[in-house]
There are 2 protein chains.
Amino acid sequence: MTDALETLRTSIKALFEAKKYATLRDILSTMNAADIASLFEDDISEEIIPLLYRLLPKELAADTFVEMDTDTQEMLIKSFSDSELKEVIDELYVDDAVDLVEEMPANVVKRILLQADPEKRAMINTMLKYPEDSAGSIMTTEYVELRPRMTVEDAILSIRRSGIEKETINNCYITSSARKLLGAVTIRGIIMAAPETTMEQIMEENVISVGTMEDQETVAQHFSKYNLLAMPVVDGEDRLVGIVTVDDVLDVLEEEATEDIEKMAAIVPADKPYLKLSTFDLWKSRIPWLLLLMISATFTGMIITSFENALSKFVILTAYIPMLMDTGGNSGGQASATIIRGLSLKDIEFSDIFRVIWKEIRVALACGATLAICNFAKLLLFDKVSVPVALTICLTLIVTIFCAKLVGCTLPMIAYKIGFDPAVMASPFITTIVDAISLLVYFQFASRILSI
Amino acid sequence: MTDALETLRTSIKALFEAKKYATLRDILSTMNAADIASLFEDDISEEIIPLLYRLLPKELAADTFVEMDTDTQEMLIKSFSDSELKEVIDELYVDDAVDLVEEMPANVVKRILLQADPEKRAMINTMLKYPEDSAGSIMTTEYVELRPRMTVEDAILSIRRSGIEKETINNCYITSSARKLLGAVTIRGIIMAAPETTMEQIMEENVISVGTMEDQETVAQHFSKYNLLAMPVVDGEDRLVGIVTVDDVLDVLEEEATEDIEKMAAIVPADKPYLKLSTFDLWKSRIPWLLLLMISATFTGMIITSFENALSKFVILTAYIPMLMDTGGNSGGQASATIIRGLSLKDIEFSDIFRVIWKEIRVALACGATLAICNFAKLLLFDKVSVPVALTICLTLIVTIFCAKLVGCTLPMIAYKIGFDPAVMASPFITTIVDAISLLVYFQFASRILSI
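The following paragraphs examine the structure supplied in this document. (Residues numbered from 1 in each chain as written. Chains lettered and ligands numbered in written order. Predicted model: local features only at pLDDT ≥ 70, side-chain atom pairs only at ≥ 80, totals over all residues. Heavy atoms only, no water.)

Digging into the nonpolar core
Phe65 of chain A together with Phe65 of chain B are the most contacted members of the largest nonpolar core, which totals 124 residues. Those residues in contact with Phe65 of chain A that lie beyond four places of it in its chain are Tyr53, Gln73, Leu76, Ile77, Phe80, Val88, Leu92 and Leu100 of chain A. Membership of the second largest hydrophobic core comes to 89 residues, among which are Ile303, Ala372, Leu379 and Ala446 of chain B. (Core = buried A, V, L, I, M, F, W, Y, C linked by side-chain atoms within 4.5 Å. Buried < 20%, exposed > 50% of the residue type's maximum accessible area, 1.4 Å probe, protein only. Contact = heavy atoms within 4.5 Å.)

Comments concerning the packing of aromatic side chains
Enumeration according to the criterion identifies 16 aromatic pairs over all chains in this entry. For the pair Phe307 of chain A and Phe443 of chain A, a centre-to-centre distance of 4.3 Å together with 15° between the ring planes defines the contact as stacked. Note that Phe307 of chain A is positioned in the loop between α17 (279-306) and α18 (308-313) and Phe443 of chain A in helix α22 (residues 427-449), a separation of 136 residues in sequence. Relative accessible area serves as the criterion here: at 2%, Phe443 of chain A is assigned to the buried category. Aromatic side chains Trp289 of chain B and Phe429 of chain B sit 6.3 Å apart centroid to centroid with 85° between the ring planes, which places their arrangement in the edge-to-face category. Linking Trp289 of chain B in helix α17 (residues 279-306) with Phe429 of chain B in helix α22 (residues 427-449), this pair joins segments that are 140 residues apart in sequence. The exposure class of Trp289 of chain B is buried, given its relative accessible area of 18%. (Phe/Tyr/Trp six-rings, centres within 6.5 Å; stacked < 30°, edge-to-face > 60°. Helix = DSSP H or I, 4+ residues; strand = E, 2+ residues; numbered from the N terminus.)

Brief notes about empty space enclosed by the protein
A complete count under the given rule lists five cavities of 30 Å³ or more for this structure. As a volume, the largest cavity reaches approximately 450 Å³. For the largest cavity, the lining is made up of 34 residues, of which Met264, Ser427 and Pro428 of chain A together with Ser427 and Pro428 of chain B are closest to its centre. Of all the secondary structure elements, the ones that give two or more residues to the lining of the largest cavity are α16 (246-264), α19 (321-344) and α22 of chain A together with α16 (246-264), α19 (321-344) and α22 of chain B. Taken together, the residues that form the lining of the largest cavity break down as 15 nonpolar, 16 polar and three charged. Empty space within the second largest cavity amounts to approximately 270 Å³. Around the second largest cavity, the lining comprises 23 residues; the ones closest to its centre are Leu253, Glu254 and Ala257 of chain A together with Leu253 and Ala257 of chain B. (1 Å grid on protein atoms, 1.4 Å probe; cavity = no way out; pocket = protein on both sides within 12 Å on 5 of 7 lines; lining within 4 Å. Points joined across faces, edges and corners; volume = space filled by probe spheres on them. Nonpolar A, V, L, I, M, F, W, Y, C, P; charged D, E, K, R; others polar.)

Some details on the sheet that holds strand β2 (residues 171-175) of chain A
Residues and elements named next belong to chain A. In space, the three strands of this open sheet follow the order β1-β2-β3, with mixed pairing throughout. Single-partner strands in this sheet number two, and they are β1 (144-146) and β3 (181-186). On average, each strand axis in the sheet is inclined to that of its neighbour by 35°, with strand direction left out of account. Inspection of the sheet shows β1 paired to β2 by three bridges, in the parallel sense. Residue Val144 lies in a different strand from β2, and its bridge partner there is Cys172. (Pairing = 2+ DSSP bridges. Axes fitted to C-alpha atoms, helices over the stretch in contact; angles between N-to-C directions.)

Considerations on the side chain of Lys120 of chain A
Residue and element names in this part refer to chain A. Relative to the helices and strands, Lys120 is located in helix α10 (residues 118-128). Glu142 is the oppositely charged side chain nearest to the buried, salt-bridge-free Lys120, at an N-O distance of 4.8 Å. Dropping the residues within four chain positions of it, Lys120 is found in contact with Ile89, Asp90, Leu92 and Val94. (Lys, Arg positive; Asp, Glu negative; His and termini not counted. Salt bridge = Lys/Arg side-chain N within 4 Å of Asp/Glu carboxyl O.)

Here we look at the sheet that holds strand β4 (residues 210-211) of chain B
Sheet strands pair by backbone hydrogen bonding; their relative direction is either parallel or antiparallel. All names here are of chain B. Strands sit in the order β4-β5-β6 across an open sheet of three strands; the sheet is mixed. Only two strands of the sheet have a single partner each, and these edge strands are β4 and β6 (240-245). As judged from the five bridges shared by strand β5 (residues 230-234) and β6, these two strands associate in the antiparallel manner. Across the sheet, Met231 pairs through a bridge with Val244, a residue of β6.

Observations concerning the environment of Gly342 of chain A
Residue and element names in this part refer to chain A. Relative to the assigned elements, Gly342 resides in helix α19. Here Gly342 falls in the buried class, since its relative accessible area comes to 6%. Gly342 sits 328 residues away from Ala14 along the chain, and the two C-alpha atoms are 52 Å apart. The contacts of Gly342, once residues within four sequence positions are left out, are Asp347 and Ile348.

Description of the interface of chain B and chain A
With 112 residues of chain B in contact, the opposing surface of chain A contributes 112 residues. Interface area, chain B with chain A, both sides summed: about 10,000 Å², of which 65% is carbon and sulfur. The three residues of chain B that bury the most area against chain A are Arg188, Tyr274 and Leu275 of chain B, which together make up 8% of that side's buried surface. Inspection of the region where chain B meets chain A yields four salt bridges. One salt bridge in this structure joins Glu360 of chain B and Arg286 of chain A, with 2.8 Å as the shortest N-O distance. Taken together, the links from chain B to chain A amount to 40 residue pairs in polar contact (both at pLDDT 80 or more). The element contributing the most residues to the side of chain B that touches chain A is α17 of chain B, with 15 residues. Residue composition of the side of chain B that touches chain A, grouped by class: 60 nonpolar, 28 polar and 24 charged. (Buried area = accessible area lost by both parts, 1.4 Å probe. Polar contact = N/O pair within 3.5 Å; in protein donor to acceptor, adjacent residues only side chain to side chain.)

Focus on the relation of the copies chain B and chain A
Superposition record for chain B on chain A: RMSD 0.1 Å, screw rotation 180°, translation along axis 0.0 Å. The two molecules are tied by a two-fold rotation axis, judged by turn and shift. Of all interface residues in chain B, 100% are interface residues in chain A too; the two copies therefore contact each other through one and the same surface. (Least-squares fit on C-alpha atoms with pLDDT ≥ 70 in both.)

Digging into a nonpolar patch on the surface
Residues and elements named next belong to chain A. On the surface, a cluster of nonpolar side chains totalling about 320 Å² of accessible area is made up of Ile414, Ile418 and Phe420. For Ile414, the position within the fold is in helix α21 (residues 387-417). Of the residues examined, Ile414 reaches a relative accessible area of 40% and is grouped as partly exposed. (Patch = residues over 30% accessible without salt bridge, like charges linked within 9 Å, V, L, I, M, F, W, Y side chains within 5 Å. Areas by Shrake-Rupley, 256 points an atom, 1.4 Å probe, with all protein chains shown as cover.)

Considerations on the pattern of salt bridges
Overall, the coordinates contain 32 salt bridges over all chains when judged by the stated rule. The salt bridge involving Lys276 of chain B is made with Asp69 of chain B; its shortest N-O contact spans 2.6 Å. Separated by 207 residues along the polypeptide, Lys276 of chain B in the loop between α16 and α17 and Asp69 of chain B in the loop between α5 (58-67) and α6 (70-79) bring together distant segments of the chain. Owing to a relative accessible area of 36%, Lys276 of chain B belongs among the partly exposed residues under this scheme. Judged by relative accessible area, Asp69 of chain B falls into the buried class, the value being 15%. Connected through shared salt-bridge partners, Asp69, Asp71 and Lys276 of chain A make up one network.

So, the pairing of β3 of chain A
Looking along a regular strand, one sees side chains alternate from face to face of the sheet. Residue and element names in this part refer to chain A. The sheet contact formed by β2 and β3 spans five bridges and is antiparallel. Looking at the pairing, Cys172 lines up with Val185 of β3. Joining the antiparallel neighbours β2 and β3 is a turn of five residues, in which Arg179 adopts a positive phi near 70°.

Details of a negative patch on the surface
Residue and element names in this part refer to chain A. Taken together, the side chains of Asp99, Glu102, Glu103, Glu132, Asp251, Glu255 and Asp271 make up a negatively charged region of the molecular surface. Sorting the residues of the negative patch by element identifies α8 (94-103) and α16 as the ones contributing at least two each. Here the negative patch takes three residues from α8, the largest share from any one element. Along the chain, Asp99 turns up in helix α8. (Charge placed at Lys NZ, Arg CZ, Asp CG, Glu CD.)

A few points about the packing of helix α15 (residues 216-226) of chain A against α16 of chain A
All names here are of chain A. Following both chains from N to C, one finds α15 and α16 inclined at 120°, their axes separated by 9 Å at the closest point. Along this stretch, α15 crosses α16, giving a crossing that reads as left-handed. Contact residues: α15 offers Gln216, Glu217, Ala220 and Phe223, while α16 offers Val246, Val249, Val252, Leu253, Glu255 and Glu256. Residue classes in the contact of α15 with α16 are distributed as six nonpolar, one polar and three charged. (Left-handed = near helix turned anticlockwise from the far one by under 90°.)

Looking at unusual backbone geometry
All names here are of chain A. Of note in this structure, Arg179 is not a glycine but carries a positive phi near 70°. When you line up the elements, Arg179 lands in the loop between β2 and β3. Accessibility expressed as a relative area gives 37% for Arg179, which makes it partly exposed.

Remember, this is a structural readout, not a statement about activity or role.
Following this line, the structure appears as structure tokens:
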């Protein structure tokens, strides 16, 4: 794919320099909007993008525009005349126009809103008011709305008349004259029914809808639970105000998973792709947790300091500190990652906490025993330490893994219950706690078994 | 949602005991398949599920069946008579039937295939041959196929005749008489066109398709890149054999993200939800990496042992080992998590490796400097160590973070290049390497600065 794009890029440049515009237009017309956008994003020199863009057929141009990254969009808009800008905005669906307005700097936004026709401008302004990541912010207001008394024939006529501007006609919504959502019908339902059937007769009344303020993550979960292609969004009075379509949900799912992964790696999520982030952006997203965790690790150091005497008598014990800390951290990290993902997919609820703890206890004992046995053999056979020392290390290992799994599974669940993001309770955070626990346990066992 | 289900569960039980079957049927008929399935999965006693299931209208029953977990499905099938089983299988789409057959024990599979009609049995058997997680394994063979010369009128007639059995009619595919894929047309395209227009005239010829053996992750990426609702699957001779629909892609996206998260937490992915996994399953998925990483941590221990003398002279140095190791691990983990996710979303390609390294070098220096300055102040003001000791610790910190970020960003990219899963090169693995590096650096600086 990438190699093919590379070749294409070279030949497009060559054609452009040879001024073979008609050939260029033919090539570009057969391409997908997403591919043209990636072509524009990389390497092609900035000056020729506006010229190439003007070669695209109108509809493809609008589709390509939507697929481009913010920088390229901004550059293009700046090169547009007012009438060119108006043309692009007229072609955009409202939800894409809103995304655009949210990303652009203020002076560009002003130009965009000025060129949008009054109706679209009003829609954009309404949608801009919904909080980021809410159902309202990802919905579109261009959907097919039908009335309960319409027959199949009326409905098809109405769809043919207005369908071209709608984001989808696959799911249509039946509303009362007060715009209350009464039901939904698929285009399949309409096509399969006899011409004189009314919408009332074929509509599904039990429609799953969300409020405008609902979190986009919840919306995405509904889509995957109920296998939806579109979902209506209603306001406080149950009036239909928009629909969310499945293509936007794909993006939400990817975005939410990325956010979880970032949080689990002690990163403050940034909402741009890696290569678009500046050094300062990356520093800003990574330094808070590094700093916090570094300070917390001080406690672990304090524990070691307070056992300085014991350690100086049995220096060999120091050699096993990293192994104990790492194994503890890894065990806890495994438990927390599993629980965090389970909570985020709603496979696990807070009410399952006792089942989870009981499961983790058994897994911890099984893992602890396995690792302790392997380690005991290795300590005696390879490291040739004394039996009491080996015992100290292996008992610490079992207790550490036990505590790590327990901390690793309970902290995310408690965070979830009190409304915090469980993803923060992942490996780095758990490791810091488990480090301290493992050292305390280690020195306890050492002082009992080795009597120091 | 969950509380509402709880209340519902109680009232359904009560109605069942009071033998109010008609009321029960009315309640169940208004519910969603997914909700009925979750109702059946939890707590409701096993004996009454088959009885409740028989109250459902036929189509809703089949939908509910698809949504249930494997255990409930198996239990239900065992309670079915042959004719009841046949009824369910007749209602299932082929891809759902294949999923079912893949999950059930051999004796149940035999019964299922025996009850399926010959045509469906043949389709199931063909699809079972595709490898797990391939496009072939997630596609459906029930799609709308049209011919190039068909007019809009013919097409609508054909869809009305066969559409009810198809998984979707929103996307239709145009094939030659040799079943070669010629183009695609949406139901919107058909409805909007004049009755005498032929499919040839309105079809999109530049259709994005995949081969049967393509990885499901690639399929999912195409859906999100090109905003697709369905994608055709072709065999080696470019003949259309099936389509993948977006609802299955939602599941793939969630599954793949879960797998990445598990691998990044040193877990061997298991393909069941957490609460369905036995202690043995969990032990099996967690112990391999714990064991491997425990053994690798031995090297870190060996480094400490070889510097035993130095440490016994400056015991204070031991107290900062956990902080240095943790900060190194966290820094490396941040870099690797970002790169792994970027690779998996195709935001980053191997060809970006030098841009990535250069970015990470700058971020590492920025983070290292910040942390070192904070730490230096803390060491002198609170811990009251000598300046040379503080210098040793802070210089180690900078070098460790530098190495950690470098290792954290290059290992996943190299793994990706040589065809390994980059997700394995995440925090636990990086931590083990960085631990050793940080100690080596620590003792180097200690011996130079503190001349031990």
